Amino acid sequence: MFTRFLTAAAFAALSITAASAGDPPAGKVTVVFDHPLPNVPGKSMKGVLVEYGPGGGSPAHTHPKSAFIYATVLEGAIRSSVNGSPEKVYQVGENFYEDPGSHHEVSANASDTEPARLLAVFVLDTDEKELVTPIGQ
């Protein structure tokens, strides 16, 4: 419950930042799974549903240095760029990953008319509370 509160607070702050900077509307983020890994002491798996409305996106960000992230597109199409790679559009069923310490420069809905959703699965240190840190803060 506390993790959900922190995640909601982090993305609320991102929403305010995005709105004031003229960036696209921020997405809705919901922690849908959070469970310690019984065979890997100190590690947990968290599932995060990210929903972008038409034209929506997230400001450039990083995740905890302990986090390995696997993401798959559930609906629509997602534009993404990690660690300076060229932007790529991922369609439903396609996936990507982020190594620990990666910089996620672009994460956005590829459409201005249709919604998009992705599921990001984090494997990270159990004591990590902040899942997202805007770049430059």
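You'll find the structure just up there.
Every value quoted in this text rests on a predicted model; they were computed, and no experiment measured them.

### Observations regarding the packing of aromatic side chains
Thought 1: Following the criterion strictly, the structure yields two aromatic pairs and no others.
Thought 2: Centroid distance Y90 to F96: 4.9 Å. Interplanar angle 40°. Geometry classified as tilted.
Thought 3: Residue classification places F96 among the buried residues on the basis of a relative accessible area of 8%.

### Topic: the pairing of strand β10 (residues 116-125)
Thought 1: Judged from the ten bridges that link them, strand β2 (residues 43-52) and β10 form a sheet pairing that is antiparallel. Counterpart to E51 in the pairing with β10 is R117.
Thought 2: Where strand β5 (residues 68-75) meets β10, seven bridges bridge the pair, whose relative direction is antiparallel. Bridging across to β10, Y70 finds its partner in V121.

### So, the sheet that holds β10
Thought 1: Read from one edge to the other, the open sheet built from five strands follows the order β1-β2-β10-β5-β8, with strand pairing classed as antiparallel. Two strands in the sheet have a free side with no partner beyond their single neighbour: β1 (28-36) and β8 (95-98). Averaged over all pairs of adjacent strands, the angle between their axes in this sheet comes to 20°, without regard to strand direction.
Thought 2: Both β5 and β8 contribute to a ladder of four bridges, which runs antiparallel. Along β8, the bridge assignment pairs T72 with N95.

### Quick notes on the pattern of salt bridges
For side chains bearing opposite charge, pairing can occur when the charged atoms are close.
Thought 1: In this structure the tally under the stated criterion is four salt bridges.
Thought 2: A salt bridge links K43 to D125; the nearest nitrogen and oxygen atoms lie 2.7 Å apart. Taken together, the residues span a long stretch of sequence, with K43 in strand β2 and D125 in strand β10 at a distance of 82 residues.
Thought 3: Accessibility expressed as a relative area gives 25% for K43, which makes it partly exposed.
Thought 4: Its salt-bridge partner being R79, residue E87 comes within 2.7 Å of it at the nearest N-O pair.
Thought 5: When its relative accessible area of 27% is taken as the criterion, R79 is described as partly exposed.

### Notes on the side chain of K46
Thought 1: Tracing the sequence through the fold places K46 in strand β2.
Thought 2: One polar contact links K46 to D34, side chain to side chain, over a distance of 3.1 Å.

Scoring rules and cut-offs
- Note on numbering: residues in each chain are counted from 1, in written sequence order.
- With pLDDT at 70 or above as the cut-off, local features in this predicted model cover only qualifying residues; side-chain atom pairs require 80 or more to be listed or tallied, and sums for whole chains, interfaces and linings still use all residues.
- Side-chain measures were taken over the full set of non-hydrogen atoms in the model, leaving aside hydrogen atoms and water.
- For Phe, Tyr and Trp, rings pair up if their centres lie within 6.5 Å, where Trp contributes its six-membered ring, and each pair is then called stacked (planes under 30 degrees apart), edge-to-face (over 60) or tilted (otherwise).
- Partly exposed residues are those whose accessible area sits between 20% and 50% of the maximum for their type, while under 20% is buried and over 50% is exposed, using a 1.4 Å probe and protein chains only.
- DSSP calls a pair of strands paired once it identifies at least 2 bridges connecting them.
- Where helices and strands are cited, they refer to DSSP runs of H or I of at least four residues and of E of at least two residues respectively, numbered from the N terminus.
- Helix axes are fitted only over the stretch in contact, all axes being lines through C-alpha atoms; the angle between N-to-C directions runs from 0 to 180 degrees.
- Salt bridge, as used here: a side-chain nitrogen of Lys or Arg that lies within 4 Å of a carboxyl oxygen of Asp or Glu.
- N or O atoms closer than or at 3.5 Å make up a polar contact, with two conditions inside protein: a donor-capable atom paired with an acceptor-capable one, and, for residues adjacent in sequence, both atoms drawn from side chains.

Without other data, these values stay purely geometric and don't point to any function.
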